[in-house]
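# Observations on the model geometry
The primary structure of each chain is shown beneath.
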Amino acid sequence: MKRCITAVVILLMLCHTVYGQVLVIKGRIRCLNERPNSTRGAEHIVVVPAFIPSKSTITASTPPGYFECNTGVPFENLQDKEVSLYIVSGCSRCGETTKRVFISEDRDKANRDDTKTFVTVREWKFNANCNDIELPPFRADSVLSVVVQQPAQGLGQITNATALVGTPALLNLLTNLAPIIGTVSNFGIFSVQELGPGKIEYGRFLFSSALTHTANTGFNFSPVRDISEAVFWNPSAIAHSRKPYNISLLTNIKNYGKLSGFARLNDRLSLGGGFIFTQQDEYRNTLFAKISNPGNKVVIDSFLTKLREYAAFLSPAVKFNEKISAGLAIKHIWQRVTIPNLLEIGFDDNGATTNIYTDSVVNRRKWDIDLSFSYKVNNSLQLGINLMNLAGSKLFTDAFAAGENPGNLLQGQRSLGIGACYKWQRFNFGTDLLFTKDGFYDAALGVNYVPFNNALLSAGLAVKQLSFSAAFRIKHFRISYIDDNSLLVNEKRKGKSGILNGRIFGGFLFDF
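## A look at the overall build of the chain
Along the chain, the regular secondary structure elements total seven helices and 26 strands. Counting across all 512 residues of the chain, residues that qualify as buried make up 47%. Pairs at least 24 residues apart make up 64% of the contacts formed inside the chain by residues separated by at least 6 positions. With the model as given, the accessible surface of the chain reaches about 24,600 Å², and the carbon-plus-sulfur share is 57%.

## Describing the packing of aromatic side chains
Inspection of the entire model under this criterion finds 20 aromatic pairs. The side chain of Arg365 reaches across the aromatic face of Trp334, ending 5.4 Å from its centre.

## Some thoughts on a nonpolar patch on the surface
A surface patch of nonpolar side chains, amounting to about 1,000 Å² of accessible area, comprises Leu265, Leu269, Leu271, Leu314, Ile330, Trp367, Ile369, Leu371, Phe373, Ile385, Leu390 and Ile418. Among the secondary structure elements, those contributing two or more residues to the nonpolar patch are strand 13 (269–290) and strand 16 (353–376). Tallying contributions element by element places strand 16 first for the nonpolar patch, with four residues. For Ile418, the position within the fold is in strand 20 (residues 415–424).

## Overview of the pattern of salt bridges
Taken as a whole and judged by the stated rule, the model has 12 salt bridges. Ionic pairing is found between Arg204 and Glu201, a salt bridge with its closest N-O pair at 3.6 Å. According to the relative accessible area criterion, Arg204 is buried, its value standing at 18%. Judged by its relative accessible area of 36%, Glu201 is partly exposed. Notably, a salt bridge pairs Asp398 with Arg284, separated by 3.1 Å at the nearest N-O pair. Here Asp398, found in the loop between strand 18 (394–396) and strand 19 (410–412), pairs with Arg284, found in strand 13; they are 114 residues apart in sequence, far enough to count as distant. Overlapping salt bridges bring together Glu282, Arg284 and Asp398 as one network.

## Some thoughts on the confidence of the model for the chain
Looking at the chain as a whole, the pLDDT averages 87, with 87% of positions reaching at least 70. A low-confidence stretch, residues 11–18 (pLDDT under 50), is modelled with five contacts involving residues beyond four sequence positions or located in other chains.

## Examining the pairing of strand 22 (residues 439–449)
Bridging between strand 21 (residues 427–436) and strand 22 involves 10 bridges; their strand directions are antiparallel. Paired with Leu434 across the strands is Asp442, a residue of strand 22. The antiparallel pairing of strand 21 with strand 22 creates a hairpin that spans two residues between the two strands. Here strand 22 pairs with strand 23 (residues 455–462) via six bridges, running antiparallel. Across the sheet, Leu445 pairs through a bridge with Leu461, a residue of strand 23. Counted along the chain from strand 22 to the antiparallel partner strand 23, the turn is five residues long, and its residue Asn454 has a positive phi close to 65°.

## Some points on the nonpolar core
Among the nonpolar cores identified, the biggest contains 33 residues, and Phe205, Leu211, Phe221, Trp233, Ile276, Phe313 and Leu434 are the most heavily contacted of them. Elements supplying a minimum of two residues to this core: helix 6 (205–211), helix 7 (230–233), strand 12 (256–264), strand 14 (297–319), strand 15 (324–347) and strand 22. With five residues, the top contributor of residues to this core is helix 6. Residue contacts for Leu434: discarding those within four places in its chain leaves Phe207, Leu211, Phe221, Met388, Ser415, Leu416, Gly417, Gly439, Phe440, Tyr441 and Asp442.

## Quick look at unusual backbone geometry
Looking along the chain, the bond that leaves Thr62 and enters Pro63 is cis, with omega of -10°. The backbone of Asn485 sits at a positive phi, close to 55°, despite the residue not being glycine. Summarising the element assignment, Asn485 is placed in the loop between strand 25 (477–483) and strand 26 (504–511). Classification of Asn485 by relative accessible area gives partly exposed; the value is 40%.

## Considerations on the side chain of Lys331
You can see Lys331 is positioned in strand 15. Assessed through its relative accessible area of 1%, Lys331 is described here as buried. A polar atom in the side chain of Lys331 sits 3.2 Å from the side chain of Asn389. Setting aside its immediate chain neighbours within four residues, Lys331 contacts Ala312, Phe313, Lys366, Trp367, Asp368, Asp370 and Asn389.

## Regarding the environment of Val48
Here Val48 shows up in strand 3 (residues 46–49). Val48 sits in the buried class, given a relative accessible area of 0%. Counting along the chain gives 96 residues from Val48 to Leu144, while the straight-line C-alpha distance between them is 8.8 Å.

## Section: the environment of Lys26
Tracing the backbone through its elements, the reader meets Lys26 in strand 1 (residues 22–32). Aside from chain neighbours lying at most four places away, what touches Lys26 is Tyr66, Phe67, Glu68, Phe118, Val119, Thr120 and Val121. A polar contact of 2.9 Å, which involves the side chain of Lys26, links it to the side chain of Thr120.

Conventions and cut-offs
Note on numbering: residues in each chain are counted from 1, in written sequence order. Selection of residues for local features in this predicted model requires a pLDDT of at least 70, selection of side-chain atom pairs for listing and counting requires 80 or more, and totals for whole chains, interfaces and linings are taken over all residues. Processing note: side-chain calculations cover all non-hydrogen atoms of the structure and skip hydrogens and water entirely. Secondary structure elements are taken from DSSP: a helix is a run of H or I of four residues or more, a strand is a run of E of two residues or more, and numbering for both begins at the N terminus. Relative accessibility thresholds used throughout: buried, under 20% of the residue-type maximum; exposed, over 50%; partly exposed, between the two (1.4 Å probe, protein chains only). What makes two residues a contact is simply this: any of their non-hydrogen atoms within 4.5 Å. Under the convention used here, a 1.4 Å probe and the Shrake-Rupley method define accessible areas, while residue burial counts only the protein chains that appear. Between 30 and 60 degrees the pair is tilted, below 30 it is stacked and above 60 it is edge-to-face, where a pair is any two Phe, Tyr or Trp rings, Trp via its six-membered ring, whose centres lie within 6.5 Å. Placement of a charge over a ring requires the Lys NZ or Arg CZ to be within 6 Å of the ring centre, with the centre-to-atom vector within 35 degrees of the ring normal. A patch consists of residues whose relative accessible area exceeds 30% and which take part in no salt bridge; residues with like charges are grouped when within 9 Å of each other, and nonpolar side chains (Val, Leu, Ile, Met, Phe, Trp, Tyr) when within 5 Å. Criterion for a salt bridge: a side-chain nitrogen of Lys or Arg within 4 Å of a carboxyl oxygen of Asp or Glu. How sure the predictor is of each residue is captured by pLDDT, a score from 0 to 100. In this scheme, strands are said to pair when DSSP sees at least two bridges between them. Buried Ala, Val, Leu, Ile, Met, Phe, Trp, Tyr and Cys residues that are joined via side-chain atoms within 4.5 Å together make up what is termed a nonpolar core. Each polar contact in these results corresponds to two N or O atoms within 3.5 Å; when the atoms are within protein, one needs to be able to donate a hydrogen and the other to accept it, and residues that are neighboring in sequence are counted only if both atoms are side-chain atoms.

Below is the structure:
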């Protein structure tokens, strides 16, 4: 009898010990190492017990990938129930993010702690590279701080349930959190694969400068009253200038400028020179692939591409007689194109995502020549012609990804400009036609009017581009409104006013 009583007491003590223990869920999460067929523990992964998210934890570094969640819940409350564990990592498309664990006494192996019951989660392995799923420490801490604030699942209200999957609030959070974390934590170094389409018209600045970006629309290939741009488009006209010296400037300060001047050397020879500058920029979609895992791709919609285009002119002219003159323009043309190269995704000290771009600059420089002629038919009509870029220079027609062969992105600059000016009292009427190797490029129509002494009103329209200009000159100073129909693109420094954004041009023009 005493033996039976003793056995019952010992059994009751053992039962009290078992049922007084709290549940601890532990395990190790593994991922693919950089070497083939090799795995290691995945560090900085957030493990979330669905029924009590306040007990979530982060996988350790020593040993790598190990986690231990002390639920604080008595073992008997969860015995013979299935609970769900979730993890939050840098892989938003991985299928190993959930484990269903059945809680039973037989899973507590070699436990020497009388206050705890251990359940081990085995074979939790990601079929993904460790660098792709591990979160930076700051990011893991940030995620953990959000998850632990979620409400626990009321165990007393689900006593008949066999699976504890978490509250709807927790599931909603994890559903929305996983893709975001997977995107922003996709850290590492990526190389550019493809550059998306853009708006900038590369290689057109010389064509547009003659017909669109000018305050002398319609009069550039056969200038008469205003020869401030003659050194660019018809140097032969400076031989007929009424004044021996000229210097002029036209700019909108923001992204475009022309500076030119000329001097008469003697009765037959004149010499001019000038410089054209234009700059553009825009944000473009860019596809990057991770260097260590080319299958891991990232699309960035905010890579800033830049374009700078310049041309310098040296323009001598000779006057044969009062009707005919010829000119030569020796020019140096170059493009400066910024293209994407590398992207490094990381995090700052506050856990915020950082994107560091490494771009490359490609310069293309070419020498070329123009040959021009002017002919005064009579006192009312003057004709002009300019054979441009006879050496056949080519410029890039678009930006491209670093390492890409841009051989098919070149456009020839050889072109022909024809102009005519008809003079009628206070009015001059002009037209400019431009032809490229692809045929007719555009035509410009212009008119100018002298309202009073030392003043000039001008207006013009480019037919295909549908750009227009209006200008007023008073003695040595000029103000112009030039609408290029969005031909120049500047998204980084976009002005607040669409009407005035880069369309107001100013400058001076000295004839002496």
